[in-house]
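One-letter residues, chain by chain:
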Amino acid sequence: MSFGAVSPQLMLHAYAQGIFPMAENAEDHDLFWVDPKRRGILPLDGFHISRSLRRFLHGHKITATLNQAFDRVLQHCADREETWINPTLHANYTALNEMGCCHSLEVWDDGALLGGVFGIAIGGVFCGESMFSRRTNGSKAALAFLTTHLRNCGFALFDTQFITDHLQTLGALEISRAQYRSRLAEALALPATITAQPLPDVHNVLQRRTQTS
């Protein structure tokens with residue numbers, strides 16, 4: 001697949017079919033389509049807040065914003081030794097953000113950017129792309145806010161693409177391709193929008209999560 005062959009519209013169509021594009025690395029202009037046999041998901045009612053994260057959220061002035069620093073979140077996610085966010089994907093994510101389909105959630109500690117996550121929203125599905133931390137607990141805090149917000153807005157599926165040890169500690173599960181496609185079809189039919197509700201505050205996030213470790 002040649003550079004520039006993937007458009008924002010094609011990406012939306014692909015995600016709705018359960019597939020997504022990646023690059024080998026940031027310097028590789030080619031993309032390939034991925035359709036994993038096993039899919040990672042993060043249940044919106046099962047996100048796990050550990051005691052240490054709970055203490056962190058209680059002990060700092062943490063606030064969240066939506067799409068207020070999309071460019072910074074995207075750059076931080078791509079700014080690592082190994083990344084699959086190449087120029088083609090970077091341009092398409094930016095275009096999808098301008099179209100209102102790709103969103104970032106940022107968390108701030110007393111005004112300083114702590115971490116963030118971004119992904120594509122279609123119907124009641126949020127396809128998580130990447131996250132970052134500038135300090136300890138940055139990405140965890142972002143996911144805590146995002147899962148609470150998505151549930152409040154009527155979303156039913158948070159796709160993490162793959163599962164990692166880090167995501168598993170937060171409650172992520174791995175399901176089969178067939179199970180994912182079934183859940184995807186149901187969630188796509190939902191009339192959810194990520195701006196349907198205001199973002200939660202720390203109290204709302206912790207109130208919705210009673211699980212500890």
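Residues numbered from 1 in each chain as written. Predicted model: local features only at pLDDT ≥ 70, side-chain atom pairs only at ≥ 80, totals over all residues. Heavy atoms only, no water.

Caption draft 1: Structural context of the overall build of the chain. Along the chain, the regular secondary structure elements total eight helices and nine strands. Taking 213 residues into account, the globule formula puts the C-alpha radius of gyration at 17 Å, and the chain, at 16 Å, falls close to it. Overall, the chain is about 50 × 35 × 30 Å in size when its C-alpha atoms are taken along their principal axes. Classification of the 213 residues of the chain by burial places 52% in the buried group. In the structure as shown, the chain presents an accessible area of about 9,800 Å², 49% of it carried by carbon and sulfur atoms. Within the chain, the 20 negative side-chain charges are centred at a point lying 11 Å from the centre of the 18 positive side-chain charges. (Helix = DSSP H or I, 4+ residues; strand = E, 2+ residues; numbered from the N terminus. Rg over C-alpha atoms; globule rule 2.2 N^0.38 Å. Buried < 20%, exposed > 50% of the residue type's maximum accessible area, 1.4 Å probe, protein only. Areas by Shrake-Rupley, 256 points an atom, 1.4 Å probe, with all protein chains shown as cover. Lys, Arg positive; Asp, Glu negative; His and termini not counted. Charge placed at Lys NZ, Arg CZ, Asp CG, Glu CD.)

Caption draft 2: Here's a closer look at the pattern of salt bridges. Tallied over the full model, the rule gives five salt bridges. Arg39 serves as the salt-bridge partner of Asp159, at 2.9 Å between the closest nitrogen and oxygen. You can see Asp159 sitting in strand S8 (residues 157-161) and its partner Arg39 sitting in strand S3 (residues 38-41), a full 120 residues away along the chain. Of the two residues, Asp159 and Arg39, neither departs from the other in class, the shared state being buried. Here Asp109 ties to Arg135 by a salt bridge, and the two come within 2.8 Å at their closest N and O atoms. Placement of the pair is Asp109 in strand S5 (residues 102-109) and Arg135 in the loop between strand S7 (125-133) and helix H5 (138-152), with a sequence separation of 26 residues. The exposure class assigned to Asp109 is buried, which follows from its relative accessible area of 10%. (Salt bridge = Lys/Arg side-chain N within 4 Å of Asp/Glu carboxyl O.)

Caption draft 3: Summary view of the side chain of Thr83. For Thr83, the location among the structural elements is in the loop between helix H3 (70-78) and helix H4 (87-98). Residue classification places Thr83 among the buried residues on the basis of a relative accessible area of 10%. Of note is the side chain of Thr83, whose polar atom sits 3.1 Å from the backbone nitrogen of Ile85. If we ignore the near neighbours within four places in the chain, the residues touching Thr83 are Glu24, Asn25, Ala26, Cys77 and Ala78. (Polar contact = N/O pair within 3.5 Å; in protein donor to acceptor, adjacent residues only side chain to side chain. Contact = heavy atoms within 4.5 Å.)

Caption draft 4: Expanded view of the packing of helix H1 (residues 8-17) against H4. Following both chains from N to C, one finds H1 and H4 inclined at 85°, their axes separated by 9 Å at the closest point. Considering the angle they form, H1 stands roughly perpendicular to H4. Where H1 approaches H4, its residues Pro8, Met11, Leu12 and Tyr15 are matched on the opposing element by Leu89, Asn92, Tyr93, Ala95 and Leu96. Looking at side-chain class alone, the contact of H1 with H4 contains eight nonpolar, one polar and no charged residues. (Axes fitted to C-alpha atoms, helices over the stretch in contact; angles between N-to-C directions. Parallel < 35°, antiparallel > 145°, perpendicular 65-115°, else oblique. Nonpolar A, V, L, I, M, F, W, Y, C, P; charged D, E, K, R; others polar.)

Caption draft 5: Just the nonpolar core, in detail. Core analysis: the largest hydrophobic core is formed by 36 residues, its most contacted members being Met11, Tyr15, Ile85, Tyr93, Phe118 and Ile120. Among the elements of the structure, H1, strand S1 (20-22), H3, H4, S5, strand S6 (112-122), S7 and helix H7 (177-188) are those that each provide at least two residues to this core. No other element matches the five residues that H3 contributes to this core. Beyond its immediate sequence surroundings of up to four residues, Ile85 is in contact with Ala26, Leu74, Cys77, Ala78, His90, Tyr93 and Phe118. Judged by nonpolar contacts, the second largest core, of 35 residues, contains Ile49, Ile62, Ala142 and Phe145. (Core = buried A, V, L, I, M, F, W, Y, C linked by side-chain atoms within 4.5 Å.)

Caption draft 6: Local environment of unusual backbone geometry. The backbone of Asn67 sits at a positive phi, close to 60°, despite the residue not being glycine. Take Asn67: it is sitting in the loop between strand S4 (62-66) and H3. With a phi close to 80°, Asn137 is a non-glycine residue in the positive phi region. Relative to the helices and strands, Asn137 resides in the loop between S7 and H5.

Caption draft 7: Representation of the side chain of Ser50 within the structure. Considering the arrangement of structural elements, one finds Ser50 in the loop between S3 and helix H2 (51-59). Relative accessible area serves as the criterion here: at 15%, Ser50 is assigned to the buried category. At 3.2 Å, the side chain of Ser50 forms a polar contact with the backbone nitrogen of Leu53.

Caption draft 8: Here's a closer look at the pairing of S6. Judged by how many residues are buried, S6 sits mostly within the fold: 10 of 11 residues are covered. One ladder, built from eight bridges, connects S5 with S6; its direction is antiparallel. Residue His103 lies in a different strand from S6, and its bridge partner there is Gly119. Counted along the chain from S5 to the antiparallel partner S6, the turn is two residues long, and its residue Asp110 has a positive phi close to 55°. (Pairing = 2+ DSSP bridges.)

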